[in-house]
Amino acid sequence: MSAKTSADVLIGGKVYTLSGYESEAYLQKVATYINNKMSEFDEMEQFRRLPMDMKSTLLELNIADDYFKAKDQAEQLEQDIEVKDKEIYDLKHELISAQIKLESNEKSIAELEKENKELLLNKAKLEASLEDALLGKVKGQAESTEHTHKNSKDKSSEKSTQTKSLNEEKNK
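Calculation rules
- Residues numbered from 1 in each chain as written.
- Predicted model: local features only at pLDDT ≥ 70, side-chain atom pairs only at ≥ 80, totals over all residues.
- Heavy atoms only, no water.
- Patch = residues over 30% accessible without salt bridge, like charges linked within 9 Å, V, L, I, M, F, W, Y side chains within 5 Å.
- Areas by Shrake-Rupley, 256 points an atom, 1.4 Å probe, with all protein chains shown as cover.
- Salt bridge = Lys/Arg side-chain N within 4 Å of Asp/Glu carboxyl O.
- Lys, Arg positive; Asp, Glu negative; His and termini not counted.
- Charge placed at Lys NZ, Arg CZ, Asp CG, Glu CD.
- Helix = DSSP H or I, 4+ residues; strand = E, 2+ residues; numbered from the N terminus.
- Phe/Tyr/Trp six-rings, centres within 6.5 Å; stacked < 30°, edge-to-face > 60°.
- Buried < 20%, exposed > 50% of the residue type's maximum accessible area, 1.4 Å probe, protein only.
- Pairing = 2+ DSSP bridges.

### Re a negative patch on the surface
At step 1: A cluster of acidic residues, Asp72, Glu75, Glu78, Glu82 and Asp85, forms a negative patch on the protein surface.
At step 2: The residue Glu78 is located in helix α3 (residues 52–171) in this model.

Here is the structure:
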């Protein structure tokens, strides 16, 4: 707890000694506030004509009014802070949820990319295998055609030889 302080202040042209646990600067600030309020009222012609006890009462009422307005404003600001704190909490929660979702999506993307690479590799293997199979068929057909062509030449040549032999026998 702070030590008790005292300060001499000037209020309404009179010196008063104020004491409390606040700083001397704060006590001077309070005195300045009271002096400013008194000056505000002294500028009004009707206020100057009032008896001193009525002036004091009006000044006290005005200070109480300032106090309650400031208190209401502080309460409103506290409510605003609570609302903002709740909004911040909700936004943090949304941010965390979005980060978790992002991480999950990144994992899914990585898995899908891996699966895509595997599928592309399998596709390439299947295409190569198909190409080899098709080339093998074409090669096999070419060999088969060549073999068939050779067989028909042989048969044709054989027939020609047989025909020559028959012709020679006839001629004899």
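### Structural notes on the packing of aromatic side chains
At step 1: Here the structure, examined in full by the defined rule, presents two aromatic pairs.
At step 2: Seen in terms of ring centroids, Tyr67 and Phe68 are 5.1 Å apart; in terms of plane orientation they differ by 70°. Their pairing is edge-to-face.
At step 3: Under the relative-accessibility criterion, Tyr67 is labelled partly exposed at 47%.

### Topic: the pairing of strand β1 (residues 5–11)
At step 1: Pairing of β1 with strand β2 (residues 14–20), which is carried by seven bridges, proceeds in the antiparallel orientation. From the neighbouring strand, Asp8 faces β2, where its bridge partner is Thr17.
At step 2: Linkage of β1 to β2, two consecutive antiparallel strands, is achieved through a turn of two residues, within which Gly12 is found at a positive phi near 60°.

### Here we look at the pattern of salt bridges
At step 1: In this structure the tally under the stated criterion is seven salt bridges.
At step 2: Two residues, Lys37 and Glu40, come together in a salt bridge whose shortest N-O distance is 3.8 Å. Of this pair, Lys37 and Glu40 both sit in helix α1 (residues 24–42), separated by three residues, roughly a single helical turn.
At step 3: Three or more residues are tied together by salt bridges with common partners; here these are Lys37, Glu40 and Asp66.

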